Amino acid sequence: MVLAAGTAAAAPAWGSGAQRIWRRYRRDRIAMAALIVLVIIVGAGLLAGVLARNDPNAVTDEVLASPTTAHILGTDDIGRDLFSRVLYGIRFSFLASLVAVAAATVVGCSVGLVSGYVGGRLDSVLMRTTDAVLAFPGLLVAMAIVGILGPGVQNAMLGLAVAFMPAFVRLVRGQVLAIREEPYIEAATVSGVRDRDIVRRHVLPNIAGPVIVQVLTTMSLALLAEGALSFLGLSVQPPASSLGSLLGRGFSVVNETIRLILVPGLVITIACWAFNSIADGLRESLSADSEG
Amino acid sequence: MSAQVDVDVNAPLLHVDGLALDLHRRHDTVRLVDDVGFSMAAGESTAVVGESGSGKTLTALAVLGLLPPRIRIARGSVVFRGRDLAAAGSRELRALRRSQISAIFQDPQSSLNPAFSVGNQLVETIRCSHHDMSRRAALDHAADLLDRVGIPTPRQRLGYYPHQLSGGMAQRAMIALAIATRPALLVADEPTTALDVTVQAQILDLLASLREEHGMSLLIISHDLDVVSRIADRLVVVYAGQVVERGETRAVLRAPAHPYTQALLDAQPAHGRKGTRLRVIPGSVPPPSAMPGGCRFASRCDFAQPQCAVTRVELLTATTSGREVRCVRHADLALLGAGGVGAARGEGAGNGAAPRAALLRVTDLVKRYPSGASAISRGRGEHVAVDAVSFSVEPGETLGLVGESGAGKSTVGRLILGLTEATSGSVVFDGVAADGPNRRRPRELRRRIQVVFQNPYATLDPMMAVGRTIAEPLQAYEGLDRGACRQRVDELLAKVGLDPSFARRYPGELSGGQRQRVAIARALAPRPDLIVCDEPVSSLDVSTQAQVINVLEELQRDEGLAYLFIGHDLALVFHISHRVAVMRQGRIVEIGSAEQVYGSPTHPYTKALLASRPSSAMKQVLDATPIF
């Protein structure tokens, strides 16, 4: 036997694909900063109940008060604590975006997988439907759906999910079409692996990277879109707040103070930057990984 | 042109001295090339030979002034006509490349710009150095150049885009582009590696004749000693970033002074006799970050002594041959004579397999594709990839299928496996009809035919640990549980010469040869009777190639496996096959025992194929008048 080449003595401390990608990602300073910023924002939203000392919906006499120790970001035009409202707004906006993107991901990926792997007439039907949705601007689709079903959080999430879905269908279908032709898929076929196991064990793990990147970029789009819908009063209903509804409300008193639009606007901007930077960093790490 | 560049025409054309290249990473630097040096006179051709990772391509890039940004010259110099390129600015380097130094690379298709016609690219290059030339005159000149590199109907081809040219034509066009400025030095990095054998021979001849006509010097970078022997005056053998041997080509090939050179020669199938094991260079090149202080080849050398690994060795001049060699023991080893190193070879499997009932019988197999992928041309014509192919494979036999790319060899393999559907004809495996797509075939039939593909980088799922990959067929065909699987996986890894610890590793951490062994272990797992090997070693280095071939041969002996071995390397296919079928344009033009086909070919194509392989040129060199 020709054993010499096979001794694992000089094996570097490599791990699984995910570990390797994380090791590479960690070296990207901007992406790491973005990740930390995002964790802080999400953490603030999750811990809104603990961090907010004032009831976000409690109306006081201190209308449009400047920041004080009691109200660290001041109050809004009917005297509600802005800091609390922003925290609860983050919680709401992120939750709504997350649900919409999760739905779009699950449904979009399933459709894309089936479309790409099965092919044929089913593929044509699914793709033409997707194209039809894609023909309209995403926000318009979402607004149309909310317009038909009536304003409200659930309908807004549904509208956003439908608007974001085609991108996932296209992405996954393209990836599946490319991976189907990979020799390792053919090798697995010859190894006797069943179709559904090929999809589960070989196709899914290999398209996971691009899908995660897409989820992150879509999250930033969803935050903006949810903001827009709330701004127009199509999503969250008062007195509850989302970042977009805060922005909309702040807009009506913009002549007196810009503080009310500055704070929620900054949070949305920073969160979008964070999502996109993380997506960029991850994309870099993934492509470096596939190069060997 | 040389007005812009300060060059001394009387100095040696190119002098590379003690070149060391460092890769600068964020926290450290790694030395990739440590001590490479050689000198070239005008009109001379020199070859830098080594395996992948030896630093040969980096050396070429340093000569061209095209090193990647994070790789810098740490020591030594590259002097072109008296001008040190290490000290030259990018402006000066560009001027040099415009007028004095040209290059061609391995893959001609990707070196040409796909968006411009060949004529346009030539005219652009010509007018770079002849600013006052009219477009019409430049086009005339371009056609003249295409004619000179042997492209028929050059006028018409000027309008062709790179994708309309075959590999050989594209490389010719690339050469035309490179000689357009009448360079003094042409750097050719693996110029024929991506081409078919007959085309290889033509390109090498072309380079040799251009060199004579223009008095141009040629710096060839290659991993293939055969190719190099055909064209180079002088040989520079590099290993792990150092020159290990340097001398006149004929002398080096006749009597290699360094054990590594000898081992490289022995690993080539043309030199190992048929039915014998190919010589294997044990171990692998040490990683650049952990280079031993002493001789870098010591850990793989048959003649290493304890002091070899610790004392740094400089390039020494051997008194007997005037050759330079980096080995402290070269004087002792020379006493062993040329045959000494490779003498102790094991005995291989016998070839005298008695004829038995066929395991696989292929009759009148045909595969047609609609020609032209676009919808417009659909139905207009058909491309016949496989045309009425018939053959049989006996149990325990290796049938070699050779031919150039596009001959339909791989398609035959895919048809047998059911990865592509046949247009007509039949495949019968052990009395059972093997038709339809693989996934629709009976499980037992699927189990008995397995496959090893060409590209070790794509054949393993990058996201799946090696052990799980090998376990897949075990679970699918034998329904083994996890514990039983683990044991079988360890056994299979041992069979292909890998340590059980490999089961936990991922393909990205493995070398090409190791990956290909894993692919073999996977094919072996369901205990098949036939393995279709589709160019299993053509993307591996010579020494790794020998390891994998030996594994395949041992497995055949131990398990009675039959192989359908698809390849384009004639020497290699001859080495491993009992019988050989030669394919051309979808047809089998000749089939017979390996000795018959290679010893007395009857079909003109087989003769042409055999005549064009570089090894026959090498043989001529070696058979020429003795040097000593």
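Residues numbered from 1 in each chain as written. Chains lettered and ligands numbered in written order. Predicted model: local features only at pLDDT ≥ 70, side-chain atom pairs only at ≥ 80, totals over all residues.

Section: the overall build of chain A
Consideration 1: Looking only at helices and strands, chain A features 11 helices and zero strands.
Consideration 2: Along chain A, from the amino end to the carboxyl end, the secondary structure elements read α-α-α-α-α-α-α-α-α-α-α.
Consideration 3: For chain A, the share of sequence-separated contacts (at least 6 apart) that also reach a separation of at least 24 residues comes to 68%. (Helix = DSSP H or I, 4+ residues; strand = E, 2+ residues; numbered from the N terminus. Contact = placed C-beta atoms within 7 Å.)

Focus on the overall build of chain B
Consideration 1: When helices and strands are tallied, chain B shows 22 helices and 22 strands.
Consideration 2: Across the 628 residues in chain B, those meeting the buried criterion constitute 49%. (Buried ≥ 20, exposed ≤ 12 C-beta atoms within 10 Å, placed from the backbone.)

Observations concerning the sheet that holds strand 22 (residues 587–593) of chain B
Strands pair in a sheet through their backbones, by hydrogen bonds, and they do so in one of two ways: parallel or antiparallel.
Residue and element names in this part refer to chain B.
Consideration 1: In spatial order, the strands read 18-19-20-15-21-22; together these six strands make up an open sheet with mixed pairing. Because the sheet does not close on itself, it has two edges, and the strands there are strand 18 (449–452) and strand 22. Strand-to-strand twist across the sheet, computed as the mean angle between neighbouring axes with direction ignored, equals 15 degrees.
Consideration 2: Sheet analysis places strand 15 (residues 398–402) next to strand 21 (residues 579–584), joined by four bridges and oriented parallel. Bridge pairing links V402 to V582 in strand 21. (Pairing = 2+ DSSP bridges. Axes fitted to C-alpha atoms, helices over the stretch in contact; angles between N-to-C directions.)

Observations concerning helix 9 (residues 195–231) of chain A
Residues and elements named next belong to chain A.
Consideration 1: Compared with an ideal rise of 1.5 Å per residue, which puts 37 residues at 54 Å, helix 9 spans 47 Å between its outermost C-alpha atoms and falls more than 12% short.
Consideration 2: At A208, helix 9 shows its largest kink, close to 45 degrees, and the proline P210 lies no more than four residues downstream.
Consideration 3: Trailing helix 9 by a residue or two, G233 shows a phi angle of about 75 degrees, which is positive. (Expected span 1.5 Å × (residues − 1). Bend = angle between axes of the 7 residues up to and from the residue.)

Brief notes about the confidence of the model for chain A
Residues and elements named next belong to chain A.
Consideration 1: Per-residue confidence for chain A averages 86 on the pLDDT scale, and 92% of its residues sit at or above 70.
Consideration 2: At the low end of the mean pLDDT range in chain A sits helix 1 (residues 17–26), at 81; at the high end sits helix 2 (residues 29–46), at 93.
Consideration 3: Long-range and interchain partners of residues 1–15, a stretch whose pLDDT sits below 50, account for 32 contacts in this model, where long-range means more than four residues apart. (pLDDT = per-residue confidence, 0-100.)

Observations regarding the sheet that holds strand 14 (residues 382–393) of chain B
All names here are of chain B.
Consideration 1: Pairing is antiparallel across the open sheet formed by four strands, whose spatial order is 14-13-16-17. For this open sheet the edge positions go to strand 14 and strand 17 (432–433), each flanked by a neighbour on one side alone.
Consideration 2: Pairing of strand 13 (residues 360–370) with strand 14 involves eight bridges; the strand directions are antiparallel. Across the sheet, residue P370 finds its bridge partner in strand 14, namely E382.
Consideration 3: Strands in contact with helix 13 (residues 409–417) are strand 13, strand 14 and strand 16 (424–429); relative to strand 13, the strand with the most contacts, it is inclined by about 110 degrees.

Things to note about the environment of A:D28
All names here are of chain A.
Consideration 1: Tracing the sequence through the fold places D28 in the loop between helix 1 and helix 2.
Consideration 2: Given 18 C-beta atoms within 10 Å, D28 falls into the partly exposed group.
Consideration 3: D28 sits 252 residues away from D280 along the chain, and the two C-alpha atoms are 9.8 Å apart.
Consideration 4: Ignoring sequence-local partners within four residues, the contact set of D28 consists of G281 and E284.

Overview of the pairing of strand 1 (residues 14–24) of chain B
All names here are of chain B.
Consideration 1: Across eight bridges, the pairing between strand 1 and strand 4 (residues 71–80) is antiparallel. When the bridges of strand 4 are listed, V16 appears paired with V78.
Consideration 2: Where strand 1 meets strand 2 (residues 29–40), eight bridges bridge the pair, whose relative direction is antiparallel. Among the inter-strand pairings, L21 is bridged to a residue of strand 2, identified as V33.

Some points on the packing of helix 5 (residues 120–134) of chain A against helix 7 (residues 153–180) of chain A
Residue and element names in this part refer to chain A.
Consideration 1: It is the contact of helix 5 with helix 7, at a shortest axis distance of 9 Å, that shows an interaxial angle of 135 degrees. With respect to their mutual orientation, helix 5 and helix 7 come out oblique. Seen along the crossing, helix 5 lies across helix 7 with a hand that is left-handed. Residue-level inspection shows T130, V133 and L134 of helix 5 in contact with helix 7, the latter providing V162, P166, V169 and R170.
Consideration 2: Residue classes in the contact of helix 5 with helix 7 are distributed as five nonpolar, one polar and one charged. (Parallel < 35°, antiparallel > 145°, perpendicular 65-115°, else oblique. Left-handed = near helix turned anticlockwise from the far one by under 90°. Nonpolar A, V, L, I, M, F, W, Y, C, P; charged D, E, K, R; others polar.)

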